[in-house]
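# Topology and contacts: notes
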Amino acid sequence: MPDAAAESSAPLCVDDVLDVTIGQIAHGGHFIAHANGRTIFVRHAIAGELARIKITEVRSKIVRADAVEILDPSPDRVSPPCAFAGPQLCGGCDFQHISVGRQRALKQQVVADAFRRHARLVDIGIPVVPIAGDDDGLHWRTRVRWAIDRQGRAGFHAYRSSTVLPVDKCIIATAGQGVVPTTNYLGCQEVRSAEGSDGEVVVAATGTARSSGQRITQLVLGRSWQIGLASFWQAHRGAPETLVRAVLAAGDPRIGETWWDLYSGVGLFSAYLAAAVGPAGALVAVEGDSRSVRDARRNLRQETNIELVEGQVGNWLGSAHGSGHVDGIVLDPPRTGAGPAIVAQIAARKPRVVVYVACDPVALARDVEAFATNGYRFAGATGFDTFPMTHHVELVATLVPIDAADQIS
Ligand SMILES: C[S@@+](CC[C@H](N)C(=O)[O-])C[C@H]1O[C@@H](n2cnc3c(N)ncnc32)[C@H](O)[C@@H]1O
């Protein structure tokens, strides 16, 4: 019984099985439970369930477990649409057992918790909304990295493991990439696949001659992009258009303004920002990955008001060029966030608005707090469910100078 487990003080060991009441969600796709004086991070459960859990890892600071049997299920529990989802199976999707609506509600809760804990902002009501047209959370992923086992079969790593679980399909990937798990890649360690808006699929296996240089075509708001497999590109088929629209709405770029697109990848946001500021305006894109910059040069060569900089954002902000006047900044750093030093450098340039695109709510909330100490206040955010069936969420947040609160509606 859960109460007995909670009252015991015996140390927990790997493979112990106990019954617990599942508590609230935590960042990272786990739910919190308590037993034997320890806090346990449980996968494959839902808040409010009574579950039989099996301990998978015990460390001084963290105990992990899988829910292996559900004794009292949540009304939001569904039969996982993927046959490879579950304890000790594919480590890719955390939420296959949860209705899509509840998945979004849980992500919303994680975002709210992150802002309360790390940005000291409460009741700010950040919604997590679906990508238009994505009703079931399946077949959205336009690019996939597959692990290859010793027999050459494609699959995915089990959770926190190097073990490869071969699969015969991945139902969050777009249908065209189904060719990968039906092909043998003996001798390869990894395969990357991507499907373009035109349905063309490219596949590159490590160690093969054709592993670089292949591109797919992506259409975004009437513009055609040629993207290499190694360059960053938003994974959900609807994410590029949704995020571009969100960035433009949040930043409201105006004719003649100067904008910076920091961590710009292949220049997705740069293209539409540059169009919005027009020939009298200017856009500087800063990206550290040379392959992405090469794709940006190819895709943006017609634009006369875009400058592409290959380099580290911190170095560039510290240079003379990165010290000039700027009206608006888009900031889309990797999962770890921008960090306080970059935030301070950005705030020192005094843009009228910063649009922060984030894939980690905790990193975003920490940086929002750093912006607050540098004179910028949080003016709103929207979460987008660009990673259904997983705990991940993408956020677009707006920050404005504290003394100019009325400049952004
Ligand atoms: C989340 S992606 C965003 C890309 C682009 N905004 C988009 O949506 O397509 C982050 C990008 O930052 C780049 N990056 C990571 N650290 C960097 C750094 N210190 N300086 C410059 N670019 C960096 C990565 O190569 C990657 O392309």
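Note that the coordinates shown come from a computational prediction; the quantities given were computed from them, not determined experimentally. (Residues numbered from 1 in each chain as written. Predicted model: local features only at pLDDT ≥ 70, side-chain atom pairs only at ≥ 80, totals over all residues.)

## Considering the overall build of the chain
Rules: Secondary structure elements follow DSSP: runs of H or I of four or more residues count as helices, runs of E of two or more count as strands, with numbering from the N terminus. Computation of the radius of gyration draws on C-alpha atoms, with the globule rule given as 2.2 Å multiplied by the number of residues to the power 0.38. Here the C-beta atoms are placed from the backbone, and a residue counts as buried if at least 20 other C-beta atoms lie within 10 Å of its own, exposed if 12 or fewer do, and partly exposed otherwise.
On a plain count of helices and strands, the chain comes out with 8 helices and 21 strands. On C-alpha atoms alone, the chain measures out to a radius of gyration of 23 Å, which is about the 22 Å that the 2.2 N^0.38 rule sets for 409 residues. In terms of overall dimensions, the chain has C-alpha extents of about 70 × 55 × 35 Å along its principal axes. Residues counted as buried form 46% of the 409 residues belonging to the chain.

## Overview of helix 7 (residues 340-348)
We count it as follows: When we speak of the arc, we mean the arc of directions from the helix axis to the C-beta atoms. Contact criterion: two residues are in contact if their C-beta atoms, reconstructed from the backbone, are within 7 Å.
Residues of helix 7 that are buried: Ile342, Val343, Ile346 and Ala347. Around the axis of helix 7, the buried residues are gathered within 135° of arc, so they sit on the same side. For helix 7, exposure combined with an orientation more than 90 degrees from the buried face picks out Ala341 and Ala348. Against the buried residues of helix 7 lie helix 6 (313-318), strand 18 (328-331), strand 19 (353-358), helix 8 (361-373) and strand 20 (376-385). Within two residues after helix 7, Lys350 carries a phi angle of roughly 55°, on the positive side.

## A few points about the site of the ligand
Inclusion rule: Each residue gets a C-beta atom placed from its backbone. Should that atom fall within 6 Å of a molecule or strand, the residue is termed near it.
The immediate surroundings of the ligand are formed by 17 residues, with Tyr263, Gly265, Gly288, Asp289 and Asp332 found nearest. Elements that contribute at least two residues to the shell around the ligand include exactly helix 4 (268-277) and strand 16 (282-287).

## So, the packing of helix 3 (residues 239-251) against helix 4
Axis angle and axis distance: for two packed helices, these are the angle between their axes and the distance between the axes, and together they describe the pair. Using the following cut-off: Inter-axis angles, ranging from 0 to 180 degrees, are taken between N-to-C directions of lines fitted to C-alpha atoms, where helices are fitted over the stretch in contact. Should an angle lie under 35 degrees it is considered roughly parallel, over 145 roughly antiparallel, and from 65 to 115 roughly perpendicular; all remaining angles are considered oblique. Working rule for handedness: look at the near helix, and if it is turned counterclockwise from the far one by less than a right angle, call the crossing left-handed; if clockwise, right-handed.
With their axes 10 Å apart at the nearest point, helix 3 and helix 4 run at an angle of 45° to one another. When the axis of helix 3 is compared with that of helix 4, the two are oblique. Pair helix 3 / helix 4 crosses with right-handed handedness. Residues Pro240, Val244, Val247 and Leu248 of helix 3 pack against Leu268, Phe269, Tyr272 and Ala276 of helix 4.

## Let's talk about helix 3
Two residues of an α-helix separated by three or four positions point the same way, owing to the 3.6 residues in each turn. Operational definition: An expected span of 1.5 Å times one less than the residue number is assigned to each helix.
For helix 3, built from 13 residues, the straight-helix expectation of 18 Å at 1.5 Å per residue is met to within 8% by its first-to-last C-alpha distance of 18 Å. Structurally, helix 3 contributes buried residues whose contacts are with strand 13 (215-220), helix 4, strand 18, strand 19, strand 20 and strand 21 (394-401). Two residues or fewer past helix 3, Asp252 is found with a positive phi of approximately 50°.

## Some words on the packing of helix 7 against helix 8
Selection rule: Amino acid classes used here: Ala, Val, Leu, Ile, Met, Phe, Trp, Tyr, Cys and Pro are nonpolar; Asp, Glu, Lys and Arg are charged; the rest, including Gly, are polar.
For the pair helix 7 and helix 8, the least separation of the axes is 9 Å and the interaxial angle reads 45°. Regarding the angle of helix 7 to helix 8, the classification is oblique. Classified by chirality, the crossing of helix 8 by helix 7 is right-handed. Residues Pro340, Val343 and Ala347 of helix 7 pack against Asp367, Ala370 and Phe371 of helix 8. Of the residues that constitute the contact of helix 7 with helix 8, the class distribution is 5 nonpolar, no polar and 1 charged.

## A few points about the nonpolar core
In plain terms, the rule: Any set of buried Ala, Val, Leu, Ile, Met, Phe, Trp, Tyr and Cys residues joined through C-beta atoms within 7 Å is what this text calls a nonpolar core.
Within the largest apolar cluster, 124 residues are counted, with the highest numbers of intra-cluster contacts made by Val330, Leu331, Val396 and Ala397. When residues no more than four places from it in sequence are discounted, the contact partners of Val396 are Leu243, Ala246, Val247, Ala250, Val355, Val357, Ala381 and Thr382.

## Regarding the sheet that holds strand 10 (residues 164-166)
Selection rule: We treat two strands as partners when DSSP finds at least two bridges between them.
Ordered by their spatial adjacency, 5 strands build an open sheet running 10-9-8-11-12, and the pairing between neighbours is antiparallel. One side of each edge strand has no neighbouring strand; the edge strands of this open sheet are strand 10 and strand 12 (201-205). Across this sheet, the average inter-strand angle for adjacent strands is 40°, counted without regard to direction. Note that strand 8 (residues 143-148) and strand 9 (residues 154-157) share 2 bridges and pair antiparallel. Paired with Ile148 across the strands is Ala154, a residue of strand 9.

## Brief notes about unusual backbone geometry
Here Asn36, not a glycine, exhibits a phi torsion of approximately 50°, which is positive. With respect to the helices, strands and loops of the structure, Asn36 is situated in the loop between strand 3 (30-35) and strand 4 (38-43). Even without glycine at this site, Tyr263 takes up a positive phi of about 60°. Assessed through the 21 C-beta atoms surrounding it within 10 Å, Tyr263 is described here as buried.

## A closer look at the pairing of strand 18
Note the threshold: When the strands point away from the viewer, a crossover counts as right-handed if the path from the first strand over the helix to the second runs clockwise.
Residue alternation in strand 18 divides its side chains into two sets, Gly328 and Val330 and Ile329 and Leu331, and both sets are buried. Both strand 18 and strand 19 contribute to a ladder of 4 bridges, which runs parallel. Note on strand 19: the bridge partner recorded for Val330 is Val355. In this fold, the crossover linking strand 18 to strand 19 by way of helix 7 has right-handed handedness.

## Focus on the domain arrangement of the chain
The condition that has to hold: Segmentation into domains, and thus their bounds, comes from an automatic or database assignment.
With domains assigned, the chain is organised as domain 1 (2-77), domain 2 (106-134 + 234-407) and domain 3 (143-228). For domain 1 and domain 3, the distance between their C-alpha centres works out to 34 Å.

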